Amino acid sequence: MNKIIFNLLILFILLFSNNPNANELLLYADNISYDSNKNIIAKGNAKIIKDGEIITSDLIIYNSQNKSITIPSEFIYRDSINNYYLGSSGKFDSNINNGEIENVKILLNDGTRIVGKKVIRRDQIDIINKGVYTQCKSRINIKDFVCPIWQLEGEKILHDYDNLFLYQKHSKMRLFNIPVFYLPYLVTPSPLRKKRKSGFLSPTLNFNFIDAQTSQNASFPYYFNIDIDKELTLTPILRYGGGIDSSQRFLFDYNQLISGGHLNVDASVDTKIENQNNEKWFSNGSIITHYSQNLNENYNISVKSALQTSRTYIRETDKDNSYINDASLSTTLDLNRYGILKYDDKLRLNISTYQVVKKNQDNAVTPLVLPYITYNYQNYYGKTFYENILHFYNITRDENSTTHAKQQRKLALNTNLDRVYYNFNSKINFKGELHNQYFQTKDKLIDNNKITSENYRFFPMAGIFVETPIRHIENNLLITPKFSLIVNSSQKNKNEISNEDSTNQTINITSQSQLNRFNGTDKLDNSQRFLYGFNITRKNLSTSFSQNYEFDAKSDYNQEIGNSRNLSDALFETSLNFVNTNIEHDLRYSPHLEKIRSQSLSLNNKNILGTFDINYFDEKKESNNILTTGKETFEFNYVSNKINKFSTISFKSLYDLVDDKGDEYVLGYEYFDECFGINIDFKRSFYEDDTLKPQDSLTLMFSFKNLGAYKSSNLAVSEQDKQDINWENIGVSNEKFQ
């Protein structure tokens, strides 16, 4: 023990005698000695510790003259951020900032592995010669060695710990040890990166073979970290070769956080810059903008806009965009003002316009709304809640139709009252609505005549709602009978008024208890009715029943939903909820026809095999007081639990029970481990025309942690179409990897 203490004392004297202010370098070993050249030799469980960095080996030599550390045998080096280096030999300076490691194996703190013949460390940069980079744990056995699922090989790999990038020269990617692509130069984000950095993202190369011609396109996305609250991704896509297409496409994705809001701009521009003798460099483009901001404590503004130069441009260039199924693209501006007369009142100003994008769509469904204004004011008068809604719109079109006028203005004041009493062991709720409306309508088409009119409407609505709960404590049973009497004005809705905002509510128990069953106020529910029903709950069971007795079976609402009798259809809703199983059943029964008009049944179950969803829907058509077959479908969904930790299987089936044929089948397989993912999805869709073959779609996607994903186009096509298959580079969340 005394010998070890003496050796350590000599070590510290030698290390720090020339520089008393140097950072402390500690050396530990079972045996410490020094030779005539003043080399300190540490043998047996030797360790060097400095500033949280540790080197361990059986033999460490420190040269006190040139301040260098030599490690002639295998060693482990752990830096200050818990990255590990394993080498057969190596050398470092006294600060351990610079050094060389032979036959290096690097394990970064996120699990990434880098193996190389030699690494040269220069401060915050590692240069690895003949390196291999992967984030996979080796598990694929090929012949006599084990290799990772994927790896990137580079003649040289430069890992910049300061800027957090991996630069690779002559990079080759191997998948299951099979080379899949080569790039002379590749830059990827460092796995250690936690903050946003500007730089190139993974490029994409596509090769298309069309008949006897070949074309290629390449994309080189670049990410701009403009500021802490601003970012831009620019993706140039260059097409070249074959004389088929030599255009370019530039994609812009801009995001900015604003104090109290957010701005997002997605733009796409098609050009033909490289074409010779081309005077028109701009071909087509689109811009989609979302902007919202709290201007101050009282004002909020929101702008949503989607514009395109060609009617089908977005549909052709961005097949995942939600706008592709819309009949029109809208541009809307909303300005909200809070606290004008009271802290919780609200004023809304809206301006909307539309661009038709689908064929056979006239301007009757694509209006210009300038402006649309609502003002809400609510308060309590004693125990009575009341709300005033001031409503104005001005809607114009280029042409009229049988449904919509060419122009309509509306000024309305709606007053809502609500008062609740608790008495006689019951909840008694009084509700009232008072509608004052003024319409100016121009060129409404009625019997092939264009009618211009002005209309004023005073329309009261009132109702009383009573609930009396009855509880049986021993059986944990709660029965709540419900009764309502609703009396509305009997005025008919005029044909001269163009219906701009009213639609029928979905027929369910909740909607039937509303004073106005139309969703909107251009049409008003001119019915008087008595509503009765009940709700029963017991443990896992809940069931509800509701039915109306209509005093006027010919009211506008009843005519639109097809009810011609005083006694309406009966509605039932039942649910069973257990820990792993949920069952819901909705039913609409016609007492006059003594048949079920519609019903839906859904079952959700989780068990050791996975999650099962079964949905059944049946809806009949009524013709001359006879219910005939309408729509009847069966849907089955299944997602397995994890298989061997990493795999899941999914299946979806949609079957038409009326035509006795499948509408859609989807089968999917997904595998995600800590570094690699693969998705195989097959979809078969059937056409209404049985003479047409079903459409099959098979897609394959490979995902690589920190690199992105590559998804194929449809593989299940004809031999000729298969020549057009390409791979698209897309993003994938690292949360998918386990």
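Values in this document were obtained by computation on a predicted structure and should not be read as measured data.

1. Points about the state of the cysteines
- Summed over all chains, the structure comprises one disulfide.
- Two residues, C136 and C675, share a disulfide whose sulfurs are 1.8 Å apart. The disulfide joining C136 to C675 has a torsion of about 105° about its S-S bond and is therefore right-handed. In this pair, C136 is assigned in the loop between β11 (125-134) and β12 (140-142) and C675 in the loop between β45 (661-672) and β46 (676-685), connecting sequence segments 539 residues apart. Each member of the pair, C136 as well as C675, carries the same accessibility label: buried.

2. A short note on a positive patch on the surface
- Together, K406, R409, K442 and K450 line one region of the surface with positive charge.
- A residue is classified by how much of its surface remains accessible, and K442, at 40% relative accessible area, is partly exposed.

3. As for the side chain of S498
- Examined against the element boundaries, S498 turns out to sit in the loop between β34 (477-488) and β35 (503-504).
- The class of S498 is buried, set by a relative accessible area of 0%.
- In this structure, S498 is in contact with Y393, T403, H404, A405, Q408, T441, K444 and D522, ignoring residues within four places of it in sequence.

4. Focus on the confidence of the model for the protein chain
- Averaged over the protein chain, the pLDDT score is 82; the fraction of residues at 70 or greater is 84%.
- Confidence drops under pLDDT 50 across residues 1-6; counting only partners more than four residues distant or on other chains, this segment forms two contacts.
- Here residues 8-22 is a poorly scored stretch, pLDDT under 50, and it has 19 contacts once near neighbours within four places are set aside; other chains count.

5. A look at a nonpolar patch on the surface
- A surface patch of nonpolar side chains, about 540 Å² in accessible area, is lined by F483, L485, V487, F530, Y549 and F551.
- Sorting elements by how many residues they give to the nonpolar patch places β34 first, with three residues.
- With respect to the helices, strands and loops of the structure, Y549 is situated in strand β38 (residues 541-550).

6. Notes on the pairing of strand β24 (residues 282-294)
- Where strand β23 (residues 261-271) meets β24, eleven bridges bridge the pair, whose relative direction is antiparallel. Bridged to L263 within β24 is Y291.
- Here β24 runs beside strand β25 (residues 299-308); their pairing, made up of nine bridges, is antiparallel. Across the sheet, the residue bridging to T289 is S305, located in β25.

Cut-offs used in this document
- Residues numbered from 1 in each chain as written.
- Predicted model: local features only at pLDDT ≥ 70, side-chain atom pairs only at ≥ 80, totals over all residues.
- Heavy atoms only, no water.
- Disulfide = S-S within 2.5 Å.
- Helix = DSSP H or I, 4+ residues; strand = E, 2+ residues; numbered from the N terminus.
- Buried < 20%, exposed > 50% of the residue type's maximum accessible area, 1.4 Å probe, protein only.
- Patch = residues over 30% accessible without salt bridge, like charges linked within 9 Å, V, L, I, M, F, W, Y side chains within 5 Å.
- Areas by Shrake-Rupley, 256 points an atom, 1.4 Å probe, with all protein chains shown as cover.
- Salt bridge = Lys/Arg side-chain N within 4 Å of Asp/Glu carboxyl O.
- Lys, Arg positive; Asp, Glu negative; His and termini not counted.
- Charge placed at Lys NZ, Arg CZ, Asp CG, Glu CD.
- Contact = heavy atoms within 4.5 Å.
- pLDDT = per-residue confidence, 0-100.
- Pairing = 2+ DSSP bridges.

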